[in-house]
Amino acid sequence: MMFEVLKNLACPPDEHPTRCAVLKDQFLKLSQYYQLRTAENYTVLNREIETLLEQEGLEEAGRIFYFSVPPFAYAEIAGHINSSCRPRPGAWLRVVLEKPFGHDLESAQQLAAELRNFFKEEEMYRVDHYLGKQAVAHILPFRDQNRQFLDPIWNRHHVERVEIVLKETVDAKGRASFYEQYGVIRDVLQNHLTEVMMYLAMELPANISSTEDVLQHKLQTFKSLQELEKTSAVIGQYQAYTSQVQEELQKAQNYFSMTPTFAGVLIHMDSLRWEGVPFILASGKALDERVGYIRVLFKNRAYCTQSEALRDAEHSQCKAKQIIFYIGHGELNSPAVLVSRNLFRPIMPEGSWREVTDHPQLHLFGQPLSDYYVYSPVKERDAYAMLISSIYHARKDFFITTENLLASWEFWTPLLDSISHQAPRLYPGGRENQHLLDFEMLGQELSFTLAEPVEFLDTSKQTPDDYQTIQAKFRNSSLVSAWPEELVSQLASDLEAVAARAVARSGEFHLALSGGSSPVVLFQRLAKHHYGFPWKRTHLWLVDERCVPLSDPESNFCSLHDHLLQHVRVPYFNLHPMPVHLNRRLCVEEDQGPELYAEEIAALVTNASFDLVLLGVGTDGHTASLFPHSSSGLGGSQAVVLTESPIKPHQRMTLSLPFINKARQVFVLVLGKGKHEIVTLLSRVGNKPKKWPISGVRPSSGQLVWYMDYEALLG
Ligand SMILES: NC(=O)C1=CN([C@@H]2O[C@H](COP(=O)(O)OP(=O)(O)OC[C@H]3O[C@@H](n4cnc5c(N)ncnc54)[C@H](O)[C@@H]3O)[C@@H](O)[C@H]2O)C=CC1
Ligand SMILES: O=C1O[C@H](COP(=O)(O)O)[C@@H](O)[C@H](O)[C@H]1O
């Protein structure tokens, strides 16, 4: 068996076949196979090493133990090595450990404490193989050798944003037992991408070869990281993942995984250098391409009068300015360092990096390759080869110390805890993902750009149990479902995205809001977290109103005022309360309140079609102030009508159902267990507005999205 394994070893591609054969032969002669189960096995191994050394007349330099085992086996093996297999004094011991090093701060601390019982810090080499990738390993030397150019610009005044990305096309098939416990944040972001971010963001030590200085600067940078909020991340899961987990872990058909296979995270730092600069980390499985890169995009304040056709890359200040550490794969299919020609010509170590001048017709990050100085390694080296060689030479620069590891878990654990119940957005995988996983920054938050329905889901392929757990459709319209807090946060983000698009399209956003208790949490969320919301361009309308004075606590407008309006700056002229109080009386037909409101809408809203109408659902199936069997508002041509509620205050003014259905988008928010019964009923009935007015909400050319928390959906 051993021979079979070794026979299949490959040499690096540039190794001559003859020399490769010699090396393999040598390796084979030196290799022996031992199965190490008991303490006795380790004692025997130790004895045999010593005998062998004696026979050969050699003095032992040291021993390397490479732990290619699952972490739960670490402590036991470490104990055996420590007690029975340490080399004699004077020779060194090095143990190599592979991630995962815990799954959160507590477990990482525990694992670290166990290992510390047996090994000294300097004996441990924790591998993060990304640190052995050539482009990553060159970040610090690049910053060091190009200090003269970078010193003035490597800061918040000049850097627009930083993107650190690992996209994969493979999925987690075959690895579900590992992946299901970890997910993409623990698998890739907490380690590889965080380490890369540290190399980019840390203050540069005077001597980058000093492992201790580099570590201390890294730890300083960890301290500057702003705490992540739930809204700092967007997460997704490829559609086939749950069934892979069910199959590989023998889970029941109704098991639904919440493990993210895609994540985008927005990180900010509290440091003079980086304050306000977004660091975006993104990674995922089953994406449309395989590529890894680090992109530092610089601000561009120039306006160029010269026509675009005449501009040359080297001198035009109007072309994008960026530095890219291309980790590999993707269009270039090799590691590279690229610097926009209008930034500077970088200094690169001649022996190990060479300039690439034969530019194929490639475009990278919106620019032809000829716009960059491009460098690639003279000799491509595998990350592991580099790391193993470093272990032999006792070079600890590219390994993760305990302090470093714990600092990273301390940073990531709160986010992991806060999203542990958040349902990831489902994506089909590969090219079919289209824009589904695109995300954007809104102030300090990240949200998916697309609020549109998850059209790709074919619910007919789902089993009834899947259907119970999560649905992409409800009554043939899009459904977003999560725990209440996440749901409201998603709704608020989606709402802001709709607002931004409406403003971009027409300069205004016309939003009609419902009253009642459910939207209050949304109002509060919008008031506290959405500083980028285009309030100045937003017109606020009421979906319905109780016939009470606007200052009455029962009034929907009053609630809107208390929870939202008093916290944001909506121009006074953009507020449109319903005219329930005219001529010092409430909702009297002759005062023609509904007609006045309809006229106001017609005068200000293009095609009298709101950009977005937010609705709720009552336990009896009412929506807005349209109650079952209402004599008005369920049909007809009136936009606004007076209705009667079965509960106090009885008199109401409301938008009519036909008018609501003219909206470009309608969001329906449903929260709480109390709504489960009506939700179940609605999932079965057709269009019966007389009985259940909400069932008549079917925008004629617009889009309907249901936002339901798990209790409302699942009971
Ligand atoms: N497979 C992957 O994609 C990745 C693996 N790793 C790490 O690389 C290492 C190897 O990974 P895999 O080969 O996938 O792991 P694995 O789970 O297949 O196991 C590797 C070996 O550990 C041995 N082993 C299991 N329990 C043991 C015990 N109690 N005592 C002694 N030996 C035991 C198994 O017999 C097997 O030979 C692990 O440390 C893993 O965490 C890290 C990142 C990715
Ligand atoms: O550590 C890991 O990294 C790989 C990606 O590494 P690469 O060298 O192939 O880019 C990832 O697929 C795996 O899930 C993760 O555990």
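Reading the values: rules and limits
Residues numbered from 1 in each chain as written. Chains lettered and ligands numbered in written order. Predicted model: local features only at pLDDT ≥ 70, side-chain atom pairs only at ≥ 80, totals over all residues. Heavy atoms only, no water. Patch = residues over 30% accessible without salt bridge, like charges linked within 9 Å, V, L, I, M, F, W, Y side chains within 5 Å. Areas by Shrake-Rupley, 256 points an atom, 1.4 Å probe, with all protein chains shown as cover. Salt bridge = Lys/Arg side-chain N within 4 Å of Asp/Glu carboxyl O. Lys, Arg positive; Asp, Glu negative; His and termini not counted. Charge placed at Lys NZ, Arg CZ, Asp CG, Glu CD. Helix = DSSP H or I, 4+ residues; strand = E, 2+ residues; numbered from the N terminus. Buried < 20%, exposed > 50% of the residue type's maximum accessible area, 1.4 Å probe, protein only. Phe/Tyr/Trp six-rings, centres within 6.5 Å; stacked < 30°, edge-to-face > 60°. Axes fitted to C-alpha atoms, helices over the stretch in contact; angles between N-to-C directions. Parallel < 35°, antiparallel > 145°, perpendicular 65-115°, else oblique. Left-handed = near helix turned anticlockwise from the far one by under 90°. Contact = heavy atoms within 4.5 Å. Nonpolar A, V, L, I, M, F, W, Y, C, P; charged D, E, K, R; others polar. Near = heavy atom within 4 Å. Polar contact = N/O pair within 3.5 Å; in protein donor to acceptor, adjacent residues only side chain to side chain.

### A few points about a negative patch on the surface
1) Next: A cluster of like negative charges, contributed by E589, E590, E595 and E599, occupies part of the molecular surface.
2) Next: Structurally, E590 can be placed in the loop between β25 (585-586) and α18 (593-604).
3) Next: Residue classification places E590 among the exposed positions, given a relative accessible area of 60%.

### Description of the packing of aromatic side chains
The geometry of an aromatic ring pair is captured by the separation of the ring centres together with the interplanar angle, meaning the angle of the planes.
1) Next: Summed over all chains, the structure comprises 24 aromatic pairs.
2) Next: Geometrically, the ring pair formed by Y572 and F573 is edge-to-face, given 5.8 Å between the ring centres and 80° between the ring planes. For the pair formed by Y572 and F573, the shared burial category is exposed.
3) Next: Joined through ring pairs, the aromatic side chains of Y179, Y238, Y241, F262, Y427 and F439 make up one cluster.

### Points about the packing of helix α10 (residues 211-224) against helix α13 (residues 402-418)
1) Next: Where α10 contacts α13, the two axes come as close as 10 Å, and the packing angle between them is 15°. In terms of axis orientation, α10 runs roughly parallel to α13. The element α10 and its partner α13 pack so that their crossing is left-handed. Residue-level contacts link L215, K218, L219 and F222 of α10 to E403, N404, A407 and S408 of α13.
2) Next: Of the residues belonging to the contact of α10 with α13, the class tally is four nonpolar, two polar and two charged.

### Section: the site of ligand 2
1) Next: Lining the immediate surroundings of ligand 2 are K99, H129, Y130, K133, E168, R175, D187, H192, K285 and R290.
2) Next: The contact in question runs from an oxygen atom of ligand 2 to an N or O atom on the side chain of K99, over 2.9 Å.
3) Next: At 2.9 Å, a side-chain N or O of R175 approaches an oxygen atom of ligand 2.
4) Next: A class-by-class count of the residues in the shell around ligand 2 yields one nonpolar, two polar and seven charged.

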